[in-house]
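Structural description and commentary
Residues per chain, in single letters:
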Amino acid sequence: MDFTFDSEQNDLREAVRGLLERAYGDGEQRRRVTGTDPGFDEKTWSRLAEMGLLGLPFAEEHGGMGAGPIEVAIVAEEIGRVLAPEPFVEAVVLAGGLVAAAGTDAQRSEVLGGIAEGTTLAAVAHAEPGTRWSPSASAVTATQDGGSWTVTGVKEPVLNGARADVLVVSAVVDGGGTALFLVRGDASGLTRTGYRTHDGGRAANVRFDGTPAELLGAGSADRTAEIERVLAEARIAYAHEAIGSMDTALRTTAEYLRTRKQFGVTLNRFQALTFRAADMYVSLELARSTALWASMVSDAGGDVIAAADRARLQTSRAGRHIGKEAIQLHGGIGVTAEYTVGHHTSRLTAIDHVLGDGDWALSRLAADVRGHETVDPLGAPYTP
Amino acid sequence: MRLQLSPELEAFREEMRTFFTTQVPQEIRDTVAARRDLTKDQYVQAMRTLNAAGLAVPHWPVEWGGRGWTPLQMHIWREEMQLACVPEPLPFNASMIGPVIAAFGNQEQKERFLPRTANIDIWWCQGFSEPDAGSDLASLRTTAVRDGDDWVVNGQKTWTTLGQHADWIFCLVRTDPTAEKKQRGISLLVFPMDTPGVTLRPIQLIDGGHEVNEVFFEDVRVPAEDLIGEENRGWDYAKFLLGNERVGIARIGASKRLLAQAKSFAEQVTAGGRPLAEDPRTADRIAELENELLALELTALRVVAHSADGKPHPASSVLKLRGSELQQDITELVVDLAGPLSLSSFADGGSEVPDWARVATPEYLNYRKVSIYGGSNEVQRTIIAGTILGL
């Protein structure tokens, strides 16, 4: 077992960090970018594409780099470190991941190629109002007429749904299974109402009314298993984005404690505060270990779903702990928009709820707890 | 980044597992599994079995019985031992004084003590804490005054674990009361527990057991040759020793073993006509602890890989802090699973309460110690805040 990055992975990290530091090293720049639609910087998005990052996990024959979960983890952590608003996990890991998992070769080449080049922004329209964190569609349905399909119903919240060039839509088909469809941004019968999210992102209410859709893949087989797997991969990527964010929140807090003076002394003279910072460090490192392990499980072809639940639980607990304490240890400035640390808390809260929170992951793990005697991370590859 | 163990390490793990589960007497492993106190003979027999196979002191220098293993091999050795309910080599010998003598003792001391320490021909105990020197160990007041070829020791030590079994004590004493810094005037002496002037008094604990002792010294004469290392450098050796202690103290394998046992206990107790294991709150609690233990084990694997020059990684404080908290959380879970049965703690014959439920509360109470010893968890937080976060 080896937790160290190789030299190429270290180079990747340095390159991504350099690019994102230039773009968002200054928190003001992020505020400016997130203040106007589409909520991220199209130029930075293009630069990420030029570096090959937007096609990182896709096969080379589909325009990607053929990299694995470890490289995805490295990029996601750097995104989180500066709270870059570019939708890397959402567009590449999630939307691209579904196309890679379910699409035909032609669809993969077209859509994944477009994502990788930065010319196609893909968004996943899966969540539905009144449901939560299911791998299946619920009230959105798809109907086949001859060789063509239409989709009807409401998806919300759809992250980057208003800006997206193509939507990857889950819908219930005859027989009750969930199939996946591509819907173009200019399709008829498509109504998109975009809005800001609390973490500076964008989401939309997306209404389909007999909207023409292209079936993803050949045959309308149930795609629940593929969706479940891609959601798991995205949960792991989000775990790394959260680690990057927590790391910055903790470093920012430690720096504040070293410099802020009250009662004539710097705050690090108060043990009541430094002990809480120490506990934040403990939470962070335990979560980091679990996230790295989950990426290794994914890389090794192990049980990615269970590993993702474990990473989700650990990063959820840590994200809440560190996010809340980072604000409290700062005091009032922590909740102001002009200071960075509160934005980390907001982003961590968003990540915590987009694909399943800690209690949700825990209930899945608890349902399986009688199925094994111990959890053995040295087992290869991991099976519960 | 690689998940799997190499084939060589897989084979190593299998070798450890096979040895621990077949060569260490079952009756000793059953006692550990039942969480009952081991006798002195059981400790000695277990450690000699390990030592005969070269498995008692693998972290020592090779010339004194060490194996030159990687940190990951050490981790596997320790985990497999704990999972198999094998008592670990006596920490006072294997982790504390042995490595100190190997690193700082003179050749004569090494030859005289190390083989007998590895084979537990000498049972060592620790003379560090004093009534007024706990976390602030450097304020210790036991003195040693030079008189001819001897040191004459006066004072008191406390929390001396299993001192009732000990043949020798390693003892921090103040040899230079005039030193400017209190850390400077301390030396490390070793002497037999039956030296005239040494008195041991048991301390009764709230779990009903006798594990720790007070030790009193009245004009105890110790030959000058039994000072380890250099005079007035004892604080350095103490820090070295305590750093070593922290690495193995997380006891992750033992916690995994107990949590697995807790699951079987949850199958044995019914509530509302169904096994407690089916109760969602119980299952949640077990699943959360399992995940916390996984996170800790993974962190241990990360930290051991980055320990440089035999010095513990600063994040080893995380292992001690969380390891102790999880040990306590799991013993608390077991008490809660036992519920009213936990009241039968001291029942001997004539009780129909299963043994695990009777042991539950004494163990839970006993385990309050784990967040206190080895550098209290507050000391660990101080280290993390200062060394790692720069606060």
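Here the structure is a predicted model, which means the values were calculated and not measured.

1. Points about the domain arrangement of chain A
Residue and element names in this part refer to chain A. Domain boundaries assigned for chain A yield domain 1 (7-120), domain 2 (123-215) and domain 3 (224-371). On a C-alpha basis, the centroid separation for the pair domain 1 and domain 2 is 22 Å. Of all the elements in the fold, those that place two or more residues in the side of domain 1 that touches domain 2 are helix 5 (88-102) and helix 6 (105-117). Counting residues per element, the side of domain 1 that touches domain 2 draws most heavily on helix 5, at seven residues. Broken down by class, the residue content of the side of domain 1 that touches domain 2 amounts to 10 nonpolar, four polar and two charged.

2. Notes on the interface of chain B and chain A
Each side of the interface is counted separately: chain B has 38 residues, and chain A has 42 residues. With 17 residues, the top contributor of residues to the side of chain B that touches chain A is helix 9 (residues 280-305) of chain B.

3. Description of unusual backbone geometry
Here Asp37(A) and Pro38(A) are connected by a cis peptide whose omega angle stands at 5 degrees. Mapped onto the elements of the fold, Pro38(A) is located in the loop between helix 2 (27-35) and helix 3 (42-50). A cis amide bond, omega -5 degrees, links Glu156(A) with the succeeding residue Pro157(A). With respect to the secondary-structure elements, Pro157(A) resides in strand 3 (residues 148-159). Phi angles above zero are rare outside glycine, and Trp133(A) is one such case at about 55 degrees. In this structure, Trp133(A) sits in the loop between strand 1 (122-125) and strand 2 (141-145). Look at Arg35(B): it is not a glycine, yet its phi comes out positive at around 60 degrees. On the secondary structure map, Arg35(B) appears in the loop between helix 2 (26-33) and helix 3 (40-52).

Conventions we followed
Residues numbered from 1 in each chain as written. Chains lettered and ligands numbered in written order. Predicted model: local features only at pLDDT ≥ 70, side-chain atom pairs only at ≥ 80, totals over all residues. Domains from an automatic or database assignment. Helix = DSSP H or I, 4+ residues; strand = E, 2+ residues; numbered from the N terminus. Nonpolar A, V, L, I, M, F, W, Y, C, P; charged D, E, K, R; others polar. Contact = placed C-beta atoms within 7 Å.

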